[in-house]
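Architecture and fold: a report
This is what each chain is made of:
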Amino acid sequence: MSELNLVLLGPPGSGKGTQGERLQDELELPYWATGDILRAAVREGTELGLAAKEYMDRGDLVPDEVIVGMIGERIASPEADDGFILDGFPRTAPQAEALAAKLSDLGRELTAVLLIDVGDAEVERRLGGRRTCAEQGHVFHVEFNPPREDGVCDVDGSELVVRDDDKPEVIRHRLQQYHAKTAPLVEHYDGQSLLRRIDGAAPPDAVADEIRRTLATLRLEADEAI
Ligand code: AP5
């Protein structure tokens, strides 16, 4: 397989970020999480951050045109020559169309969309206990993935905080947004035979193993097709 162009799809709190960080290290590909990019912009007080903050705090999606430009530039950059891992994009039908058009302009296509599948009750449990590194967004959970020292990031020693959008009422609104606007992409990508379902309810190491097996199968299929 010459390049690996991956999308991580799934509800809020399904473990996209947790798995994305691992995949980035294993595959040595650029990993772009739209939520992380937006939160960095909010912290830096850029124009993008100021525009995005009110949507994010409410648990609404940021307008498509803001997101599409942000990701399009990155995919077209030399950094993405061997592929990329996208987390949290696309999240609406227009974003999926824009991604397909951008890749087609570049003479490329998606390799696979990995759906990390988790039910709503588990999402609420996970986001309720999530703690995020204030500096770089490394992710922990008070019960399922605790840091070595309470309140301190294992990776860079920053303070661990509760994200503004991890309040119970905002979590429920994000889930509604997911079911209304993002879940239809599951059928969309399944129809294109790009979707691979991963059981996201399993522990993080087991989820990572299933992703590894899935990618190995994809490589075999690609080799057989040559
Ligand atoms: P974003 O940051 O992308 O939020 P999200 O999709 O809601 O996903 P999360 O980051 O909440 O969860 P995750 O799936 O990464 O799970 P995690 O690994 O952290 O987006 C935030 C906002 O930005 C959006 O609401 C929107 O406003 C805006 N935005 C972003 N992209 C956009 C777009 N394309 N268009 C428009 N707007 C956009 O895991 C969660 C917790 O569970 C952690 O504590 C973790 O330790 C734990 N955990 C993970 N895996 C497991 C496991 N297997 N078992 C037990 N616990 C686990």
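Above this text you will find the structure in question.
How each quantity is defined
- Residues numbered from 1 in each chain as written.
- Predicted model: local features only at pLDDT ≥ 70, side-chain atom pairs only at ≥ 80, totals over all residues.
- Heavy atoms only, no water.
- Near = heavy atom within 4 Å.
- Polar contact = N/O pair within 3.5 Å; in protein donor to acceptor, adjacent residues only side chain to side chain.
- Areas by Shrake-Rupley, 256 points an atom, 1.4 Å probe, with all protein chains shown as cover.
- Helix = DSSP H or I, 4+ residues; strand = E, 2+ residues; numbered from the N terminus.
- Nonpolar A, V, L, I, M, F, W, Y, C, P; charged D, E, K, R; others polar.
- Pairing = 2+ DSSP bridges.
- Axes fitted to C-alpha atoms, helices over the stretch in contact; angles between N-to-C directions.
- Contact = heavy atoms within 4.5 Å.

Let us now look at the site of the ligand. Around the ligand, a shell composed of 37 residues is seen, among which Thr18, Asp60, Arg91, Arg130 and Arg174 lie nearest. Between a nitrogen atom of the ligand and a main-chain N or O atom of Gly88, the distance comes to 2.8 Å. One nitrogen or oxygen atom from the side chain of Arg130 is found 2.6 Å from an oxygen atom belonging to the ligand. For the ligand, whose unbound accessible area comes to 1000 Å², protein coverage reaches 97%. For the shell around the ligand, the secondary-structure elements that each account for two or more residues are α1 (16–27), α2 (34–44), α6 (120–128), β6 (139–141) and α9 (204–225). Here the shell around the ligand is built from residues that sort into 16 nonpolar, 12 polar and 9 charged.

This paragraph deals with the sheet that holds strand β1 (residues 4–9). Each strand in a sheet pairs with another by means of backbone hydrogen bonds, the pair being arranged parallel or else antiparallel. Strand order in the open sheet made by the 5 strands is β2-β3-β1-β4-β8, with parallel pairing throughout. The open sheet has two free edges, formed respectively by β2 (31–33) and β8 (195–199), since each of these has just one partner strand. Looking at each pair of strands side by side, their axes are set apart by 20° on average, direction ignored. Bridge count for β2 against strand β3 (residues 83–87) is 3 bridges, and the pairing is parallel. What sits directly across from Trp32, in β3, is Leu86. On the sheet, helix α8 (residues 184–191) packs against β1, β4 (112–117) and β8 and is oriented at approximately 125° with respect to β8.

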